[in-house]
Amino acid sequence: MMAQYSSILTVIGLICVLFSFTTNATKQNNSQIYIVHCEFPNGERTAKYQDLESWYLSFLPATTSDSSHEAPRLIYSYRNVLTGFAAKLSQEDVKEMEKMEGFVSARPQQFLNLHTTHSVNFMGLQQNMGFWKDSNYGKGVIIGVLDTGILPDHPSFSDVGMPPPPAKWKGVCESNFTNKCNKKLIGARSYQLGSGSPIDGNGHGTHTASTAAGAFVKGANVNGNANGTAVGVAPLAHIAIYKVCDNNGKCSDSDILAAMDSAIDDGVDVLSMSLGGGPVPFHSDNIALGAYSATERGILVSCSAGNSGPSSFSAGNTAPWILTVGASTTDRKIKVTVTLGNTEEFEGESAYRPQISDSTYFTLYDAAKSIGDPSKTPYCKPGSLTDPAIKGKIVICYRGVVSNVVKGQAVKDAGGVGMIAINLPQDGVTKSADAHVLPALEVSAADGIRILAYTNSISNPIAAITSQGTIIGDENAPIVASFSSRGPNKPSPGILKPDIIGPGVNILAAWPTSVDDNKKTKSTFNIISGTSMSCPHLSGVAALLKSTHPNWSPSAIKSAIMTTAYTLNLASSPILDERLRPADIFAIGAGHVNPSRANDPGLVYDTPSEDYLPYLCGLRYTNAQVGSLLRRKVNCLEVKSIPEAQLNYPSFSIFGLGSTPQTYTRTVTNVGDVASSYKVEIASPIGVAVKVEPTELNFSELNQKLTYQVTFSKTTSSSKVVLVEGFLKWTSTRHSVRSPIAVVLV
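Reading the values: the criteria
- Residues numbered from 1 in each chain as written.
- Predicted model: local features only at pLDDT ≥ 70, side-chain atom pairs only at ≥ 80, totals over all residues.
- Heavy atoms only, no water.
- Salt bridge = Lys/Arg side-chain N within 4 Å of Asp/Glu carboxyl O.
- Helix = DSSP H or I, 4+ residues; strand = E, 2+ residues; numbered from the N terminus.
- Buried < 20%, exposed > 50% of the residue type's maximum accessible area, 1.4 Å probe, protein only.
- Axes fitted to C-alpha atoms, helices over the stretch in contact; angles between N-to-C directions.
- Left-handed = near helix turned anticlockwise from the far one by under 90°.
- Contact = heavy atoms within 4.5 Å.
- Nonpolar A, V, L, I, M, F, W, Y, C, P; charged D, E, K, R; others polar.
- Pairing = 2+ DSSP bridges.
- Disulfide = S-S within 2.5 Å.
- Core = buried A, V, L, I, M, F, W, Y, C linked by side-chain atoms within 4.5 Å.

Undergrad: I'd love a proper account of the pattern of salt bridges, names of residues and values included.
TA: Scanning all chains against the criterion turns up 17 salt bridges. One salt bridge connects Asp153 with Lys180, and the closest N-O pair in it is separated by 3.1 Å. Of the two residues, Asp153 is situated in the loop between β7 (142–147) and β8 (185–190) and Lys180 in the loop between β7 and β8; the sequence distance between them amounts to 27 residues. Accessibility expressed as a relative area gives 29% for Lys180, which makes it partly exposed. Note that Asp600 is salt-bridged to Arg734, the shortest N-O span being 3.0 Å. Of this pair, Asp600 sits in the loop between α15 (595–598) and β27 (603–604) while Arg734 sits in the loop between β34 (722–731) and β35 (736–745), and the two are 134 residues apart along the sequence. We classify Arg734 as partly exposed; its relative accessible area is 48%. Each of Lys333, Lys335, Glu347 and Asp474 takes part in a single network of salt bridges with overlapping partners.

Pasting the structure below:
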């Protein structure tokens with residue numbers, strides 16, 4: 001493994017920053033993996049620093065002071081994502097390295113976690129029509145997927161009708177996987193936690209890869225639900241798999257960096273990463289670090305925002321050079337109802353489908369009785385349902401702690417015949433259509449209160465669970481998922497995040513094994529939810545745009561996606577959140593992706609790489625911190641730093657507007673009509689005056705750039721801290737270019 005990644009340029013005269021990889025040390029071996037950040041002595045590599053691996057090896061301590069420690073060992077040599085390497089070292093080894101001239105600091109590294117038959121149609125993509133046809137379904141584009149691996153024999157990864165990979169492709173299929181690759185799956189690598197094989201033992205990677213670029217597969221369904229033709233967003237794009245997570249969904253920073261390092265060399269066009277940690281400063285975020293290097297090389301990096309919603313400041317992967325994706329529903333439901341003995345009926349969702357229609361009434365059982373402590377929430381964890389009275393009853397549980405499918409299995413093991421999973425208050429109306437092992441459904445928090453009120457009001461409460469099948473046409477769609485992480489952007493409040501939302505609730509895609517409990521079908525699809533599902537939707541859209549606009553930069557593609565997004569649902573009302581209230585700007589960002597409009601945005605906000613230096617210096621990072629991100633020596637004292645909101649971004653986030661007006665500039669590039677005129681339309685946030693100069697932009701050629709200035713002034717005397725939002729929109733005869741505005745008044 002090391003030999004595949006260690007053929008790299010080296011550095012003599014290193015100034016090193018070590019990041020420790022926290023693992024459980026044992027008495028026999030307390031060595032850990034450290035990521036070593038290095039800097040060239042004069043900020044530049046010279047000709048004499050060519051054979052880096054020999055230097056890296058000599059940099060490691062030759063011996064350890066304690067025979068119980070494993071000898072120092074080089075794991076990865078990085079070339080693209082950072083100047084440095086990963087090595088297995090003991091604390092004593094690190095202490096020896098601390099004595100070396102140029103050592104800066106050491107900080108612990110963390111493990112990160114993993115965060116369709118209809119969703120492509122919901123996004124407006126129709127076979128042999130419009131944007132899908134015009135983009136040739138992503139032909140010639142390579143999507144790199146960092147995840148849990150892949151099941152290569154799944155029909156979603158068939159290469160029928162696929163062209164060979166483009167000549168620029170330099171990636172490989174590992175030796176034990178070569179015969180599994182084809183013209184669709186063109187690369188497969190496995191890293192430390194991958195245990196030597198790209199095979200997916202979890203399902204997550206297979207699901208995300210097929211969502212981004214799976215082939216057309218007819219008759220896809222889960223237990224007969226959501227039946228149709230499964231297809232990825234960019235079905236003619238190529239897939240390269242980088243297995244960086246184990247079967248439990250645990251992913252290490254050193255593996256992720258090694259995979260990104262390889263992907264840059266391999267020639268991918270889009271990196272899709274449905275994983276991450278919490279919001280941390282960008283200089284301490286290895287995904288942000290690797291993504292910067294990828295973006296600099298023209299690779300768009302699409303990442304999930306995280307599943308920590310609806311809490312504020314919970315969004316991860318929020319660096320401005322990353323496309324940060326939140327999750328929303330589609331207009332498809334897999335409807336199940338529960339009818340109580342008092343005739344009240346409540347709607348839920350479930351992918352369980354009985355072989356025959358059955359609306360038999362059974363006695364209800366509140367799982368709280370099994371706990372015996374009314375202050376504790378009955379999550380129905382395995383082994384917790386010990387009351388013999390459960391047998392033959394429908395059990396009421398709460399969502400959380402373990403998956404609903406695991407709860408259902410616990411109920412079944414205890415003799416229950418059905419389950420109602422009640423959302424916690426923060427879950428609202430977001431419901432999972434899980435492939436249950438018995439008749440079950442998930443209901444909203446409000447409906448759960450009424451079900452429990454009935455259950456506890458009489459001596460023999462009864463209910464019947466009835467499957468209604470697949471229903472399409474929810475006029476409230478899209479609704480922001482409760483779990484979708486929210487802004488403000490904690491590491492950089494002046495950059496609005498998430499950028500966009502896309503389908504991420506109850507998404508049907510490829511799965512390694514059958515989820516049919518009766519094993520009477522060979523269904524190899526599953527329905528799961530998460531921003532992990534919305535991320536590959538946007539990765540696929542980015543691939544389509546890259547196919548039609550091969551010369552667009554990652555920031556131009558991101559801008560096109562953001563400025564053409566929509567903010568109204570199918571009922572032409574504002575997009576709602578899990579409480580069925582209008583979703584705020586920190587939940588939806590620019591809005592819901594609209595692929596067809598993104599293909600012809602009119603204007604784009606392009607962010608040159610050189611703009612990030614004054615931006616990062618403006619965040620008051622140290623020279624070493626900025627240098628580790630940019631992979632070169634910097635001196636912020638020599639840089640005219642800019643405030644965050646001055647970055648040429650497609651949205652505005654004014655985090656703290658007081659009595660002093662704030663003015664920012666933006667530069668737009670004409671990618672629409674050669675001769676075009678745009679006039680500004682302003683929807684000012686309440687309590688804020690927004691002035692734009694000039695009010696008209698006149699273009700006379702393609703790729704022409706024009707700059708405008710925006711001044712934000714507080715018009716209210718209130719001193720309360722409050723979020724207000726609006727937008728500015730540049731409109732021509734053919735195009736509408738919308739930038740959302742978030743203002744926090746102080």
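Still more to cover.
Undergrad: Which residues make up the packing of helix α6 (residues 204–213) against helix α12 (residues 531–548), and what values go with them?
TA: At a minimum axis separation of 7 Å, α6 and α12 run at an interaxial angle of 35°. Like other packed secondary-structure pairs, α6 and α12 cross with a definite hand, here right-handed. Across from His204, His207, Thr208, Thr211 and Ala212 in α6, the residues of α12 making contact are Ser532, Met533, Pro536, His537 and Gly540. Classifying every residue of the contact of α6 with α12 gives three nonpolar, seven polar and no charged.

Undergrad: Summarise the sheet that holds strand β31 (residues 688–693); cite the residues concerned and give the values.
TA: Overall, antiparallel pairing links the four strands, which are arranged β27-β29-β33-β31 in an open sheet. Each having just a single partner strand, β27 and β31 make up the two edges of the open sheet. Both β31 and strand β33 (residues 705–714) contribute to a ladder of six bridges, which runs antiparallel. For Glu693, the partnering residue across the bridge sits in β33 and is Gln709.

Undergrad: I'd like a description of the state of the cysteines, backed by residues and values.
TA: The final tally for this structure, using the stated rule, is four disulfides. Disulfide partner of Cys173: Cys181, at an S-S distance of 1.6 Å. Looking down the S-S bond of the Cys173 and Cys181 bridge, the torsion is -95°, so its handedness is left-handed. Residue pairing for Cys380: its cysteine sulfur links by disulfide to Cys397, the two sulfurs lying 2.0 Å apart. With the S-S bond torsion at -90°, the cross-link from Cys380 to Cys397 turns out left-handed. Remark: Cys397 occurs in strand β20 (residues 394–398) and Cys380 occurs in the loop between α9 (368–371) and β20; sequence separation between them is 17 residues. Exposure class is identical for Cys380 and Cys397. Each is buried. Across the protein, the way the bonded cysteines pair up, counted in sequence order, is 1-2, 3-4, 5-6, 7-8. This cysteine, Cys303, is not joined by any disulfide, and Cys535 carries the nearest cysteine sulfur, 6.1 Å off.

Undergrad: Before we move on, can you summarise the sheet that holds strand β15 (residues 300–304) with the specific residues and values?
TA: Strand order in the open sheet made by the seven strands is β8-β11-β7-β13-β15-β16-β24, with parallel pairing throughout. Every interior strand has two partners, whereas the edge strands, β8 and β24 (500–503), have only one. The average undirected angle you get between the axes of adjacent strands in this sheet is 25°. Looking at chain direction, strand β13 (residues 270–273) and β15 are connected through four bridges and run parallel. Across the sheet, residue Leu271 finds its bridge partner in β15, namely Val301.

Undergrad: Residue-level account of the nonpolar core, with values.
TA: With 107 residues, the main nonpolar core has Ile256, Trp321 and Ile561 as its most contacted residues. A total of seven residues in this core trace back to one element, the largest contributor, which is helix α7 (residues 253–266). Setting aside chain neighbours within four positions, we find Ile561 in contact with Leu323, Ile500, Leu538, Val541, Leu545, Val593 and Ala598. Listed in part, the 25 residues of the second largest apolar core include Leu603, Leu657, Val710 and Leu745.

Undergrad: Help me get a handle on the environment of Gly504, residues and values and all.
TA: With respect to the helices, strands and loops of the structure, Gly504 is situated in the loop between β24 and β25 (507–510). What makes Gly504 buried here is its relative accessible area of 0%. In sequence terms Gly504 and Val480 are 24 residues apart; their C-alpha atoms lie 9.1 Å from each other. Here Gly504 is in contact with Ala327, Ser328, Phe483, Ser529, Gly530, Met533 and Ser534, once residues within four sequence places are set aside.

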